[in-house]
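Inside the fold
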Amino acid sequence: MEANKIIPDPAQVREELIQKYPAKVAKKRSKSIVINDPETIPEVQANVRTVPGIITQRGCCYAGCKGVVLGPTRDIVNIVHGPIGCSFYAWLTRRNQTKPETLMDANYIPYCFSTDMQEENIVFGGEKKLKIAIQEAYDLFHPKSIAIFSTCPVGLIGDDVHAAAREMKEKFGDCNVFGFSCEGYRGVSQSAGHHIANNGVFKHMVGRDNTPSEGKFKLNLLGEYNIGGDAFEIERIFEKVGITLVASFSGNSTVGAIENSHTADLNVILCHRSINYMGDMMETKYGIPWMKINFVGAESTAKSLRKIGEYFGDEELKARIEAVIAEEAPKVKAVINEIMPRTKGKTAMLFVGGSRAHHYQDLFTELGMTTVAAGYEFAHRDDYEGRDVLPGIKVDADSKNIEELKIVADPELYNPRKTESELEALKEKGLEINGYEGMMKQMTKKSLVVDDLSHYESEKLIEIYKPDIFCAGIKEKYVVQKMGIPLKQLHSYDYGGPYTGFEGAINFYKDIDRMVNNPVWKLIKAPWETAGNGKGAGLAASYVTQ
Amino acid sequence: MLLRHTSKEVKVREGLTINPAKTCQPIGAMYAALGIHGCLPHSHGSQGCCSYHRSTLTRHYKEPVMAATSSFTEGASVFGGQANLLAAIDTIFAVYEPDIIAVHSTCLSETIGDDLQQMTKKAKDDGKIPEGKYVIYASTPSFIGSHVTGYANMVTGMATQFAESTGVKKSQFNIIAGWMEPSDMREIKRLAKVMGINIVLFPDTSDVLDAPQTGKHVFYPKGGTTVDELKSSGDSIASLALGSVSAEPAAIALEKKCKVPFETLDIPIGLSATDRFIMAISKVARVSVPEEVTTDRGRLVDVMCDMEQYLHGKRVALFGDPDQLLPLTEFLLDLNMKPVHIVSGTPGQRFEKQMRQLLDERSPATNFKSGLQADMFLLHQWMKNEPVDLLIGNTYGKYMARDEDIPFIRFGFPILDRIGHSYFPNIGYGGSLRLLEKILNAIMDRQDRDALEEKFELVM
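Residues numbered from 1 in each chain as written. Chains lettered and ligands numbered in written order. Predicted model: local features only at pLDDT ≥ 70, side-chain atom pairs only at ≥ 80, totals over all residues. Heavy atoms only, no water.

Looking at the environment of serine 304 of chain A
Residues and elements named next belong to chain A. In this structure, serine 304 sits in helix 13 (residues 298-312). Serine 304 gets classed as buried once you look at its relative accessible area, which sits at 3%. When the C-alpha atoms of serine 304 and serine 261 are compared, they prove to be 20 Å apart, with 43 residues separating the residues in sequence. The residues touching serine 304, leaving out its near neighbours within four places in the chain, are Ile293, Asn294 and Phe295. (Helix = DSSP H or I, 4+ residues; strand = E, 2+ residues; numbered from the N terminus. Buried < 20%, exposed > 50% of the residue type's maximum accessible area, 1.4 Å probe, protein only. Contact = heavy atoms within 4.5 Å.)

Shown next, in the form of structure tokens:
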């Protein structure tokens, strides 16, 4: 086992990170690089434009809307209105697993649909082609829903995808058609697309089916996209403890489940960044409280299950939760005990997503590893500093064009699941309802927090800290590995997973152990590079002595 | 079933593309630009384009793919992207220190009418381009052509913006690489050396996208065509353009600008296309073909003779890009196989004509479609109607192959789930032998898998 590493002085690191930048860039970047103090959480500049020319991890609004939120629902035909690329790149690349119940059930996830806009559509408008495409999709597949996603040129040439959707929906009668104005240039990252997707799903899907859902403890799982089968593991645990999952937003989900989701009694939020809007809107319209939970990490899973038990306040449920935790814990413990001696004291860096950089710290903590620096790709200040800062975040030009739906209580369906006094009582028990305390509170003092980390900064950080593992995405994967440091992809999980729940924790421990202790990292140098190339004394005549 | 909604009945579509056999221009431009030494590709559009292209190329090569973006926001989309591009140029030269920035446009910047020629000129006039450094550009609207078109446009940009004619011819030839892998480009250089000619190969992604693990990330790896080489291409005796879609436009541009005559050839995939490539070098450079090359050829033909019984009449479906499909189809015909269905999303009359001609002569019953709605959905429907023994195409083909239980060979772009394409060539006699080995393995593994116990063969 390696000795604990000496952590460099973060103030100095911060200076080094921005030293090479032109003055204006340095000034801007310095506000996004913060030395953490969990007691008095400092302000992090987040959700602002990336400086042009900076090599960023970020993607676009369309990616957040179609790729992240809508993509995982299997029975929607998602037509991308635009040139071919946008649909092509989002085709099966996010690993949203899905499991239709029978061979007859719809599953469009392996398909890629596009209007493949051509020059004449840009010049003369693409609405006509879009409507033809919707009609053809309807004739071929007769899906329950068709969603339309606008790409950059669509907004610029003024195609009205919403009008086209309304017209076709009316025409079909038995197919819900709706559009998203999620042009790539909106907002400053994928984040704008999450918000637009939340709005669209809320407006066009949630609440269409009022059939009371069955089950005693009914909840929706928000912000879980079933990458690598994460949702399957959570579903397994829910079933074991007797919790009914009404709908998942949106891993392994169906249109029907989402349309019926307002009949649940609790929303639990995994990825706060991408789906918090949905939690708030369902609270206001239907009276369903939401709670931030985390199923990444064995301890976090147990804690989250207990929170859910506490929320429903049912002794029998609580007992079952304890029984399941007791049943699952030994296998987790056995693996940790075996692996911990090889991982303890090692360091990690996480620069990913809008929630993952927070959640995965729990798994590293369980492995005895320290997160020395972390940051998000597309988060907002509340994901770092907690939702308490929300009222103080000023809306800039890039955010103000993202629609904020005005939601009011539904005159018929609003039904507060908990009374004010019940909510108060839950808060006293330590349950944070409709709240999230953010990532920084959990990170150690003097750890480094960097929003929208650039390529340059990542190389510098690695040079200075020499972490044992770096967590990011595919674009960073081989850059970091060329530096001799293993990179764990936390978008695609390097095609592994699941990493949620108890089984997922075990998978993660094993994967990290394998990665940080792989002998290959010691094989990078050729023997002659270290032994003095060509300076040997000739072959030793070993046979003489043998 | 993964593709459970794909029915046998083929209906004509006019609006909807399903499972495309192409992607958009900018990724091709980004790939081509990586074949210039010391170059940072730059995507002039919103961040998503750059992110998607880098991700796709990274998955295909399992290598760092560095590129920057103009990070358009709504403001830039309304008021034009000039300020973003100028800011980007400043940032890039200060922080990432490339020798060259190769800017390509996107559907966004093209739709709003951003003029890259004017903007890069302004960058130069404003002194934003340091001495001895370059900013080149290519217009690559995503709503025209395909990724192959984008590649061709960036390669053309290299020719028009770097090539100079000094009036003194150099004893060298240009080989303009159509879209091929680093392994293929390395093989072209080896073949030229064996043939004894000096070449300028551009672009050249070998030693860029197949870089060794050294414990250091080299931002600009040692490979790539150098600026000096690109400049000197104007003084070359002649150009050989490998691929009429992806390489010929650059050869035409070079002829126009520097009067370098050219000949367009197929990418040397398979026996006949490699024969033509070797003959063309021999003819244009007036060199005799060395024994070594003839022996290589002999080895390929030897295997074709020895294993012909396993190839004869085997039905193949293939999809991909024009410059690969054409010589690949010809190779399959040389192997006595039957290309039954061929699809390419890349449009183009020239390709259409060339492929039709080849098929009319040697395989008139083949289903072939290119351009709009020539997609994998159609190919799959064709396969359901007229089944095949083998499917050849990029990784997306594995869904069809699994559903239909058909042997599958990964070939083309992108290959997201296997390695090898960047290391081992598919061109030249040796590369064709590798391709043939793959074909034989796929077919013979299937025979082994499906054989009744009493019919299971030891020797094949």
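Digging into the sheet that holds strand 12 (residues 448-450) of chain A
Residues and elements named next belong to chain A. On the basis of which strands lie adjacent, the open sheet formed by 6 strands has the order 1-12-11-10-13-14 and mixed pairing. Each edge of the open sheet is held by one strand with a lone partner, namely strand 1 (33-35) and strand 14 (487-489). Ignoring strand direction, the axes of neighbouring strands in this sheet form an average angle of 20 degrees. Two strands pair when backbone bridges link them, and strand 13 (residues 469-472) and strand 14 are joined in this way by 3 bridges, in the parallel orientation. Among the inter-strand pairings, cysteine 471 is bridged to a residue of strand 14, identified as lysine 488. (Pairing = 2+ DSSP bridges. Axes fitted to C-alpha atoms, helices over the stretch in contact; angles between N-to-C directions.)

What about the interface of chain A and chain B?
Counting from both sides, the interface comprises 82 residues of chain A and, opposite them, 76 residues of chain B. When chain A packs against chain B, close to 6,900 Å² is buried across both sides, 63% of that on carbon and sulfur atoms. Area buried by chain A at its contact with chain B is led by Tyr89, Tyr111 and Lys482 of chain A, which between them contribute 12% of it. At the boundary of chain A with chain B, the tally comes to 4 salt bridges. (Buried area = accessible area lost by both parts, 1.4 Å probe. Salt bridge = Lys/Arg side-chain N within 4 Å of Asp/Glu carboxyl O.)

So, the domain arrangement of chain B
Residues and elements named next belong to chain B. Domain boundaries assigned for chain B yield domain 1 (25-145), domain 2 (173-293) and domain 3 (296-453). When each unit is reduced to the centre of its C-alpha atoms, the spacing between domain 2 and domain 3 is 25 Å. If you look at the interface, domain 2 gives 32 residues, while domain 3 gives 31 residues. Interface of domain 2 and domain 3: buried area, both sides summed, is about 2,600 Å²; carbon and sulfur atoms make up 54% of it. Considering only the surface of domain 2 that becomes buried against domain 3, Trp179, Ile269 and Leu271 emerge as the three largest contributors, covering 25% of it. Of all the secondary-structure elements, those providing two or more residues to the side of domain 2 that touches domain 3 are helix 8 (182-195), helix 11 (271-284) and helix 12 (291-306). Among the residues making up the side of domain 2 that touches domain 3, the classes are represented as 14 nonpolar, 8 polar and 10 charged. (Domains from an automatic or database assignment. Nonpolar A, V, L, I, M, F, W, Y, C, P; charged D, E, K, R; others polar.)

A look at the sheet that holds strand 8 (residues 266-269) of chain A
Residue and element names in this part refer to chain A. Ordered in space as 7-6-8-9, the 4 strands form an open sheet in which the pairing is parallel. The open sheet has two edge strands with one neighbour each: strand 7 (244-250) and strand 9 (290-292). Across the sheet, the axes of successive neighbouring strands diverge by a mean angle of 25 degrees, strand direction being ignored. Against the sheet, helix 10 (residues 230-241) makes contact with strand 6 (218-224) and strand 7, and its axis sits at roughly 160 degrees relative to strand 6, the strand it touches most.

Here we look at the pairing of strand 13 of chain A
Consecutive side chains along a regular strand alternate between the two faces of the sheet. With burial as the criterion, each face of strand 13 of chain A is covered, one bearing Ile469 and Cys471 of chain A and the other bearing Phe470 and Ala472 of chain A. Regarding the hand of the β-α-β motif, the stretch spanning strand 13 of chain A, helix 20 (residues 474-482) of chain A and strand 14 of chain A is right-handed. (Right-handed = clockwise from strand over helix to strand, strands pointing away.)

Side note on the packing of aromatic side chains
Enumeration according to the criterion identifies 39 aromatic pairs over all chains in this entry. Arranged with centres 6.0 Å apart and planes meeting at 70 degrees, the rings of phenylalanine 141 of chain A and phenylalanine 377 of chain B form a pair that is edge-to-face. Residue phenylalanine 141 of chain A is found in helix 6 (residues 127-141), and its partner phenylalanine 377 of chain B is found in helix 16 (residues 376-385); the two belong to separate chains. Of the residues examined, phenylalanine 377 of chain B reaches a relative accessible area of 1% and is grouped as buried. In textbook terms, an aromatic cluster arises when at least three aromatic residues are bridged by ring pairs, as seen for Tyr62, Phe88, Tyr89 and Trp91 of chain A together with Tyr52 and Tyr396 of chain B. Just above the ring of tyrosine 436 of chain A sits the side chain of lysine 292 of chain A; from NZ or CZ to the centre is 5.1 Å. If you follow lysine 418 of chain A out to its NZ or CZ, it ends over the ring of tyrosine 311 of chain A, 4.5 Å from the centre. (Phe/Tyr/Trp six-rings, centres within 6.5 Å; stacked < 30°, edge-to-face > 60°. Lys NZ or Arg CZ within 6 Å of the ring centre and 35° of its normal.)

Topic: the nonpolar core
By size, the foremost hydrophobic cluster in this structure holds 269 residues, and its most contacted members are Ile146, Phe249, Ile308, Phe364 and Tyr509 of chain A together with Leu391 of chain B. Look past the residues within four positions of phenylalanine 364 of chain A in its chain and what remains in contact with it is Ala348, Leu350, Met369, Thr371, Ile469, Cys471, Phe508 and Ile512 of chain A. Core analysis: the next-biggest nonpolar cluster, separate from the first, contains 48 residues, Ile18, Phe351 and Ile462 of chain A together with Ile101 of chain B among them. (Core = buried A, V, L, I, M, F, W, Y, C linked by side-chain atoms within 4.5 Å.)

A few points about the side chain of asparagine 267 of chain A
Tracing the sequence through the fold places asparagine 267 of chain A in strand 8. Among all residues touching asparagine 267 of chain A, those that are not within four sequence positions of it are Asn220, Leu222, Gly279, Met282, Ile288, Pro289, Trp290 and Met291 of chain A.

Things to note about the packing of helix 3 (residues 61-70) of chain A against helix 9 (residues 190-204) of chain A
If you want to describe how two helices pack, look at the angle between their axes and the distance between the axes. Residues and elements named next belong to chain A. Relative to each other, helix 3 and helix 9 sit at 50 degrees, their axes nearing to 6 Å. In terms of orientation, helix 3 lies oblique with respect to helix 9. Regarding helix 3 and helix 9, the two cross each other, and that crossing is right-handed. In this structure, helix 3 uses Cys61, Ala63, Gly64, Cys65, Val68, Val69 and Leu70 to contact helix 9, whose residues at the interface are Gln190, Ala192, Gly193, His194, Ile196, Ala197, Asn198 and Val201. (Parallel < 35°, antiparallel > 145°, perpendicular 65-115°, else oblique. Left-handed = near helix turned anticlockwise from the far one by under 90°.)

So, a nonpolar patch on the surface
Taken together, Ile419, Tyr423 and Phe424 of chain B make up a surface patch of nonpolar side chains, about 340 Å² in accessible area. With respect to the helices and strands, the residue phenylalanine 424 of chain B is situated in the loop between strand 14 (408-410) and helix 18 (428-450). (Patch = residues over 30% accessible without salt bridge, like charges linked within 9 Å, V, L, I, M, F, W, Y side chains within 5 Å. Areas by Shrake-Rupley, 256 points an atom, 1.4 Å probe, with all protein chains shown as cover.)

Section: unusual backbone geometry
A cis amide bond, omega -15 degrees, links phenylalanine 202 of chain B with the succeeding residue proline 203 of chain B. Its identity as a non-glycine residue notwithstanding, lysine 466 of chain A has a phi of 45 degrees, on the positive side. The topology assignment puts lysine 466 of chain A in the loop between helix 19 (455-465) and strand 13. Its relative accessible area of 52% is what places lysine 466 of chain A among the exposed residues. A positive phi angle, close to 45 degrees, is found at glutamate 97 of chain B, a residue other than glycine. Relative to the assigned elements, glutamate 97 of chain B resides in the loop between helix 4 (82-95) and strand 4 (100-105).

Observations concerning the side chain of arginine 446 of chain B
Residue and element names in this part refer to chain B. Among the structural elements, arginine 446 can be located in helix 18. Exposure remark for arginine 446: the relative accessible area of 19% places this residue in the buried category. Ignoring any residue separated from it by four or fewer positions in sequence, one finds arginine 446 in contact with Asp405, Ile406 and Pro407.

Regarding the pattern of salt bridges
All names here are of chain A. Summed over all chains, the structure comprises 63 salt bridges over all chains. Between glutamate 322 and arginine 306 there is a salt bridge whose closest N-O contact spans 2.7 Å. Of this pair, glutamate 322 sits in helix 14 (residues 315-343) while arginine 306 sits in helix 13, and the two are 16 residues apart along the sequence. For glutamate 322, a relative accessible area of 35% gives the class partly exposed. Three or more residues joined by partner-sharing salt bridges are found here, namely Glu233, Arg236, Lys240, Glu327, Glu328, Lys331 and Glu503.

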